[in-house]
Amino acid sequence: MRTFLIAGNWKMHQNVAETKAYFNEFTKLVSKAPEGVSILLCPVYTSLHAAADAASSVDGLHIGAQNLHFEDKGAFTGEITAAMIKETGADHVIIGHSERRQYYNETDETVNKKTKKAIEAGLTPVVCVGELLEERKEDRHFDVVRSQVVKGLEGISKNDALKTVIAYEPVWAIGTGETASPEQAQEIHAFIRKELAGLYDEATAAEIRILYGGSMNAKNADELLSQEDVDGGLIGGASLKPDSFSEIVHFAGKIYSS
Ligand code: PEP
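Conventions and cut-offs
- Residues numbered from 1 in each chain as written.
- Predicted model: local features only at pLDDT ≥ 70, side-chain atom pairs only at ≥ 80, totals over all residues.
- Heavy atoms only, no water.
- Helix = DSSP H or I, 4+ residues; strand = E, 2+ residues; numbered from the N terminus.
- Rg over C-alpha atoms; globule rule 2.2 N^0.38 Å.
- Buried < 20%, exposed > 50% of the residue type's maximum accessible area, 1.4 Å probe, protein only.
- Contact = heavy atoms within 4.5 Å.
- Areas by Shrake-Rupley, 256 points an atom, 1.4 Å probe, with all protein chains shown as cover.
- Lys, Arg positive; Asp, Glu negative; His and termini not counted.
- Charge placed at Lys NZ, Arg CZ, Asp CG, Glu CD.
- Pairing = 2+ DSSP bridges.
- 1 Å grid on protein atoms, 1.4 Å probe; cavity = no way out; pocket = protein on both sides within 12 Å on 5 of 7 lines; lining within 4 Å.
- Points joined across faces, edges and corners; volume = space filled by probe spheres on them.
- Nonpolar A, V, L, I, M, F, W, Y, C, P; charged D, E, K, R; others polar.
- Axes fitted to C-alpha atoms, helices over the stretch in contact; angles between N-to-C directions.
- Parallel < 35°, antiparallel > 145°, perpendicular 65-115°, else oblique.
- Left-handed = near helix turned anticlockwise from the far one by under 90°.

## Topic: the overall build of the chain
1) Next: Check the secondary structure of the chain and you find twelve helices and eight strands.
2) Next: For 258 residues, the compact-globule estimate of 2.2 N^0.38 gives 18 Å, and the C-alpha radius of gyration of the chain, at 17 Å, lies within 12% of that figure.
3) Next: Its C-alpha atoms give the chain principal-axis dimensions of about 50 × 45 × 35 Å.
4) Next: Residues classed as buried in the chain amount to 56% of the 258 residues present.
5) Next: At a minimum sequence separation of 6, the contacts of the chain that also span at least 24 residues come to 72%.
6) Next: For the chain, the exposed area adds up to about 11700 Å²; of that, 49% sits on carbon and sulfur atoms.
7) Next: Distance between charge centres in the chain, computed from 26 positive and 38 negative side chains, equals 3 Å.

Below you can see the structure in the form of structure tokens.
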């Protein structure tokens with residue numbers, strides 16, 4: 001049975017002092033991850049060390065970066081390697097977030113290289129896919145998501161695919177307050193799982209976690225997480241407050257044990 005992953009993407013928020021204060025508060029609300037739930041928080045690079053230190057006191061609480069470079073070293077000003085991320089104590093990394101695709105020229109090809117590098121370094125990649133508003137309006141969302149999944153995982157073995165997490169994030173729902181309905185989320189998550197079964201096999205597809213992201217919050221998380229193929233959330237805004245994020249974590253725990 002798949003377990004939940006409740007992940008927070010802090011984007012370019014929270015300095016070191018704010019990160020420490022957050023964990024101080026959060027660990028009072030969640031002293032250990034509920035059964036069947038892993039928790040992930042992804043701060044900015046400069047807060048990774050502090051976050052990893054604070055997270056080490058909580059069972060099932062993981063830290064991740066928001067990006068990496070696919071090379072091991074070199075003249076890539078402003079970039080960071082997988083090994084450098086690992087060194088901070090982080091064990092996950094978000095790859096191909098729509099903001100990186102939109103503003104930093106991230107492509108399916110770089111997503112694929114970064115995913116391979118993360119796995120090689122022992123980091124769990126959270127690979128983001130999702131369609132733009134016009135693509136959904138033109139009913140092209142299945143094709144777009146299929147292509148992102150297939151290209152993002154190209155050349156990745158079954159064993160390595162089992163180490164990845166997919167995050168379906170419709171771009172029109174990110175930071176907009178507009179959420180996919182639980183039915184829309186379930187429909188496309190089931191579609192992604194079918195594609196994974198085609199790429200690998202049913203058993204592998206059944207094990208890979210598929211997260212939903214896009215304005216998930218303490219009000220809508222219960223319904224979204226109750227969908228059969230929704231195995232967690234990648235949460236931006238609502239992960240910045242320990243109380244709303246911890247509520248979502250507890251919802252997942254209740255759903256798992258019900
Ligand atoms: C995200 O950053 O991946 C995200 C889903 O943001 P929000 O929850 O704020 O829509």
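Continuing now.
## Here we look at the pairing of strand 7 (residues 209-213)
Two faces make up the sheet, and in a regular strand the side chains alternate between them.
1) Next: The element strand 7 is extensively covered by neighbouring structure, given that five of its five residues are classed as buried.
2) Next: Of the two faces of strand 7, both are covered, the one formed by Arg209, Leu211 and Gly213 as well as the one formed by Ile210 and Tyr212.
3) Next: Both strand 6 (residues 165-168) and strand 7 contribute to a ladder of four bridges, which runs parallel. Each bridged residue has a counterpart across the sheet, and for valine 165 the counterpart in strand 7 is arginine 209.
4) Next: Two elements, strand 7 and strand 8 (residues 232-235), share two bridges in a ladder whose sense is parallel. The residue bridging tyrosine 212 from the neighbouring strand is glycine 233, located in strand 8.

## Side note on the pairing of strand 5 (residues 124-129)
1) Next: The buried fraction of strand 5 is high, at five of six residues.
2) Next: Relative to strand 6, strand 5 is paired through four bridges, and the arrangement is parallel. Considered in strand 6, the bridge of cysteine 128 is made with alanine 167.

## Topic: the layout of surface pockets
If you roll a probe as big as a water molecule over the atoms, it shows you where there is empty space left.
1) Next: Taken as a whole, the largest pocket encloses approximately 500 Å³ of empty space.
2) Next: Lining of the largest pocket is provided by 15 residues; of these, Lys11, Met12, Gln66, Arg100 and Tyr104 occupy positions nearest its centre.
3) Next: Looking at the lining of the largest pocket, the element that brings in the most residues is helix 4 (residues 98-103), giving three residues.
4) Next: When the residues that make up the lining of the largest pocket are grouped by side-chain class, the tally is six nonpolar, five polar and four charged.

## A few points about the packing of helix 7 (residues 141-152) against helix 9 (residues 182-199)
1) Next: Taken N-terminus to C-terminus, the directions of helix 7 and helix 9 make an angle of 40 degrees; their axes are 10 Å apart at the nearest point. The orientation of helix 7 relative to helix 9 falls into the category oblique. In this structure, helix 7 meets helix 9 at a crossing whose hand is right-handed. Contacts from His141, Phe142, Val145, Arg146, Val149 and Val150 of helix 7 reach helix 9 at Glu187, Ile188, Phe191, Ile192, Glu195, Leu196 and Leu199.

## Points about the side chain of serine 98
1) Next: Following the sequence through the fold, serine 98 ends up in helix 4.
2) Next: Setting aside residues up to four positions removed in sequence, serine 98 forms contacts with Val171 and Ile174.

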